[in-house]
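The residues making up each chain are set out below.
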Amino acid sequence: MQLLTEIPGLNLAAPEVFIAVAAMVLLMIGVFVGEGSSRIMHGLSVALLVIAGGLLVFSPENGAAFHGAFLMDPFARLMKVLVIIGSGVAIALSVGYARLEDYGRFEYPILVMLATLGMMLMVSANDLIALYLGLELQALALYVCAAINRESLRATEAGLKYFVLGALSSGMLLYGCSLVYGFTGHTGFEGIAAAMAAERSLGLIFGIVFILVGIAFKISAVPFHMWTPDVYEGAPTPVTAFFAAAPKVAAMAMLIRVVHGAFEPAAADWRQIITFISIASMGLGAFAAIGQTNIKRLMAYSSIGHMGFALVGLAAGTEEGVSGVILYMIIYMAMTLGTFACILSMRREDGMVEEITDLAGLSRTKPMMALVLTALMFSLAGIPPLAGFWAKYFVFLAAIQAELYVLSVIGVLASVVGAFYYLRIVKLIWFDEPEQDFVPMASELRLVLGVSGIFTIFYVIVAGPLSAIATTAARTFF
Amino acid sequence: MGVTSLFFYLFASITVASAFMVIASRNPVHSVLFLILAFFNAAGLFMLTGAEFLALILIVVYVGAVAVLFLFVVMMLDVDFSELREGFLQYLPIGGIIGLILAVELILVLGSSFVDGKAALVAVQPIPDLGEVSNIKAIGDLLYTRYIFFFQLAGLILLVAMIGAIVLTLSHRPNVKRQNITDQVMRDPEDVELHSVKPGEGI
């Protein structure tokens, strides 16, 4: 007990400590019980993540811990809850897949938990060292997850590709960190912001650029998106579902904290960079997805596009903008997890299928799934009154208030182009002839799809409270 | 010229000489052994400057782990090093240029920090004066109190790396033959057939 009092603010990191200890306990159970424990581990890890989420929600204390390296505020709390939901759902989605594809490994939920820990630390990081260590903890676990089905050549390729490009991006991030440290003499974000307000040199701008490049890799924003389609396609589908949700939320949260916490005095500089990668991501996401035939690749381009839309809010550099980004990430995660629950239930008697054309005539074979998937596609395209429309509405509103008219016009145009490929899927579902029926959906997939569908369709009902929460979280920085 | 200077020149000259022998000796095992000698003398140099922690870490980590690993690799890999070494001298010009550039950079950095004095201003000095506490205590004080968070995080990253290596490479093959001592002991001597095998010929 003496130790607890000697480390200032350890209670603020209670959820993180809990997850770290829980992951190690699960590892021990797994090692002693062996491969047969895969199913129990999936259940246990989801339960433990729920407990960690509870700890997070019911600990109202805010403040800094570990000499300012770890920050707990309303923003961090909201983003961490999102990350935990994303990871928990991703583990739940993988239960049936692991059983049917026969690669049940008990390490997978443990790695997801450790990645979640890394993501939570990224969200809370208020120091360049903490930022890098959290990022690396998350990334290392993700590389292994991508290649976890080592019998599959494509999964191994995806893991290797992800690892090499991820290592490259880490290198760039570290180079940026070293430049920023060299020119400001601080690793803590407050110190950097203070030094930056006093004096801004060219070297510092270089540092900011490199750090933003490193983070852009993690949220797969153009021009650092190259790994995304290959990794999404190659990795096992539940792992892809995990990649598409929680890590994106965590990296976006980290980006928000870095630009608003540390680089606030250089807002004019980083807003240009964010505007550029936002336009590039929206454009590429809209046009490159048109030619795709594999639904996982399509979702990869879709996620690139959505990251571009979310960055529109960040480019505004205002409180409304940040709150728009937060709302966008909440809605994006809900839609993505629902869509991946659909993709995971594209299973025939002879195995999984991944082609878009396999969805043909879904309305006749699986009417409920077809209905929800249609709603999700309309929502991803941004058609009112579904959730996806409101996500885009708030970020564009913030951009227009910040007088970023060109960015907003390009964004709306990209959104119209992007609607084409979502509507193509809807057309396949409702107007084409079915070839062969899918096997019945597993219960956990039904649950995820149902919750995601209800959230997307009836978003207007929860819109008020959610906006209030996002605004509270965004006010942390202003 | 005290004892310290004497030891400095002793350690420094042996370090340089053994570093040269690392690349000059024909036998790769000798190269690694010279590398170990260079590490030991570098540790001696650290000790002279009062950095006893670094000196001991150098011996424990580099000699104890890294150099021994090198030794294993050199002995186990079937690489003909004398063949690799042919035409060694043709790289001398480019190696010389790289060495020259490095030397110039070092001089520039050192020169600017001495002349300018600005680097000393930017650097934050979180540790107390080395005259007051030993540097093991100073590092320990920082690492396990102020930087405990980073220290633990680094530990978790290593844990993930270990899990990853095991997940991706360990395979339980069904037909691996393992030693079963009970079976060996319970064996009936009547069934054992003895062959006299000549060395190098096999059965």
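1. Observations concerning the overall build of chain B
Move 1: A count of helical and extended segments in chain B gives nine helices and zero strands.
Move 2: If you list the helices and strands of chain B from N to C, you get α-α-α-α-α-α-α-α-α.
Move 3: Out of the 203 residues belonging to chain B, those deemed buried represent 18%.
Move 4: Nonlocal contacts in chain B, meaning residues at least 24 apart in sequence, comprise 56% of its contacts between residues at least 6 apart.
Move 5: Of the roughly 15,900 Å² of accessible surface on chain B, 69% is carried by carbon and sulfur atoms.

2. A closer look at the environment of alanine 125 of chain A
All names here are of chain A.
Move 1: Position of alanine 125 among the secondary structure elements: in the loop between helix H5 (107-124) and helix H6 (128-146).
Move 2: On a C-alpha basis, the gap between alanine 125 and phenylalanine 242 in space is 22 Å, while along the polypeptide they are 117 residues apart.
Move 3: With near-sequence residues (within four places) excluded, alanine 125 lies in contact with Ala69, Ala130, Leu131, Phe189 and Arg257.

3. Description of the interface of chain A and chain B
Move 1: At the interface, 30 residues of chain A touch 20 residues of chain B.
Move 2: In total, about 2,200 Å² of surface goes out of reach between chain A and chain B, with carbon and sulfur atoms giving 83% of it.
Move 3: Across the contact surface, chain A and chain B share zero salt bridges.
Move 4: Across the contact surface, chain A and chain B share four residue pairs in polar contact (both at pLDDT 80 or more).

4. Digging into the side chain of aspartate 127 of chain A
Move 1: Position of aspartate 127 of chain A among the secondary structure elements: in the loop between H5 and H6.
Move 2: This buried residue, aspartate 127 of chain A, is left without a salt bridge; arginine 146 of chain B holds the nearest opposite charge, at 6.0 Å.
Move 3: Here isoleucine 129 of chain A takes part through its backbone nitrogen, which lies 2.9 Å from a polar atom of the side chain of aspartate 127 of chain A.
Move 4: The residues touching aspartate 127 of chain A, leaving out its near neighbours within four places in the chain, are Ala69, Thr187, Gly188 and Phe189 of chain A together with Phe150 of chain B.

5. Overview of the packing of aromatic side chains
The geometry of an aromatic ring pair is captured by two quantities: the separation of the ring centres and the angle between the planes.
Move 1: Tallying each qualifying case throughout the model produces 24 aromatic pairs over all chains.
Move 2: Seen in terms of ring centroids, phenylalanine 66 of chain A and phenylalanine 149 of chain B are 4.5 Å apart; in terms of plane orientation they differ by 0°. Their pairing is stacked. Of the two residues, phenylalanine 66 of chain A sits in the loop between strand S1 (63-65) and strand S2 (70-72) while phenylalanine 149 of chain B sits in helix H8 (residues 148-169), which places them in two different chains.
Move 3: Note on phenylalanine 66 of chain A: relative accessible area 9%, which makes it buried.

6. Comments concerning helix H17 (residues 387-401) of chain A
An α-helical turn contains 3.6 residues, so any two residues separated by three or four positions project in the same direction.
Residue and element names in this part refer to chain A.
Move 1: The terminal C-alpha atoms of H17, which comprises 15 residues, lie 22 Å apart, in line with the 21 Å expected from a rise of 1.5 Å per residue.
Move 2: Of all the positions in H17, only Ala387, Gly388, Ala391, Lys392, Val395, Phe396, Ala398 and Ala399 are classed as buried. Down the axis of H17, the smallest arc covering the buried residues is 165°, so these residues share one side.
Move 3: Tucked into the core, H17 has its buried residues touching helix H13 (295-316), helix H14 (319-344), helix H16 (367-381), helix H18 (405-431), helix H19 (443-457) and helix H20 (459-475).
Move 4: Residue glutamate 403 follows H17 closely and has a positive phi angle near 65°.

7. Re the confidence of the model for chain B
Move 1: The share of residues in chain B with pLDDT of 70 or more is 84%, and the mean pLDDT across the chain is 82.
Move 2: In the predicted assembly, ipTM is 0.91 and pTM is 0.86.

8. Re unusual backbone geometry
Residues and elements named next belong to chain A.
Move 1: Of note, the amide linkage connecting valine 222 to proline 223 takes the cis form, showing an omega dihedral of 5°.
Move 2: Note that proline 223 resides in the loop between helix H9 (202-218) and helix H10 (227-234).
Move 3: At the junction of proline 384 and proline 385, the peptide bond is cis and its omega measures out at 5° in the coordinates.
Move 4: Following the sequence through the fold, proline 385 ends up in the loop between H16 and H17.
Move 5: Residue serine 220 is not a glycine yet carries a positive backbone phi of 50°.
Move 6: Within the secondary structure layout, serine 220 lies in the loop between H9 and H10.
Move 7: Residue serine 220 is classed as buried on the basis of its relative accessible area, which comes to 0%.
Move 8: Positive phi outside glycine occurs at glutamate 403, with the angle close to 65°.
Move 9: By the element assignment, glutamate 403 lies in the loop between H17 and H18.

9. Regarding the nonpolar core
In globular proteins that are soluble, nonpolar side chains generally tend to be buried together.
All names here are of chain A.
Move 1: The biggest cluster of nonpolar side chains holds 194 residues, and the ones touching the most others in it are Phe242, Phe243, Leu255, Phe263 and Ile326.
Move 2: It is helix H11 (residues 237-262) that contributes the most residues to this core, 18 residues altogether.
Move 3: Sequence-distant contacts of phenylalanine 263, that is, excluding residues within four places in its chain, are made with Val180, Ile192, Met196, Ile208, Ile211, Val258 and Trp270.

10. Quick look at the side chain of arginine 348 of chain A
Residues and elements named next belong to chain A.
Move 1: Secondary-structure assignment places arginine 348 in strand S3 (residues 347-348).
Move 2: Among the polar contacts listed, one links the side chain of arginine 348 to the backbone oxygen of glutamine 436, at a separation of 3.5 Å.
Move 3: Not counting the four nearest positions on each side in its chain, arginine 348 is found in contact with Val353, Asp358, Gln436, Asp437, Phe438 and Val439.

Reading the values: rules and limits
- Residues numbered from 1 in each chain as written.
- Chains lettered and ligands numbered in written order.
- Predicted model: local features only at pLDDT ≥ 70, side-chain atom pairs only at ≥ 80, totals over all residues.
- Heavy atoms only, no water.
- Helix = DSSP H or I, 4+ residues; strand = E, 2+ residues; numbered from the N terminus.
- Buried < 20%, exposed > 50% of the residue type's maximum accessible area, 1.4 Å probe, protein only.
- Contact = heavy atoms within 4.5 Å.
- Areas by Shrake-Rupley, 256 points an atom, 1.4 Å probe, with all protein chains shown as cover.
- Buried area = accessible area lost by both parts, 1.4 Å probe.
- Salt bridge = Lys/Arg side-chain N within 4 Å of Asp/Glu carboxyl O.
- Polar contact = N/O pair within 3.5 Å; in protein donor to acceptor, adjacent residues only side chain to side chain.
- Lys, Arg positive; Asp, Glu negative; His and termini not counted.
- Phe/Tyr/Trp six-rings, centres within 6.5 Å; stacked < 30°, edge-to-face > 60°.
- Expected span 1.5 Å × (residues − 1).
- Arc of directions from axis to C-beta.
- pLDDT = per-residue confidence, 0-100.
- Core = buried A, V, L, I, M, F, W, Y, C linked by side-chain atoms within 4.5 Å.

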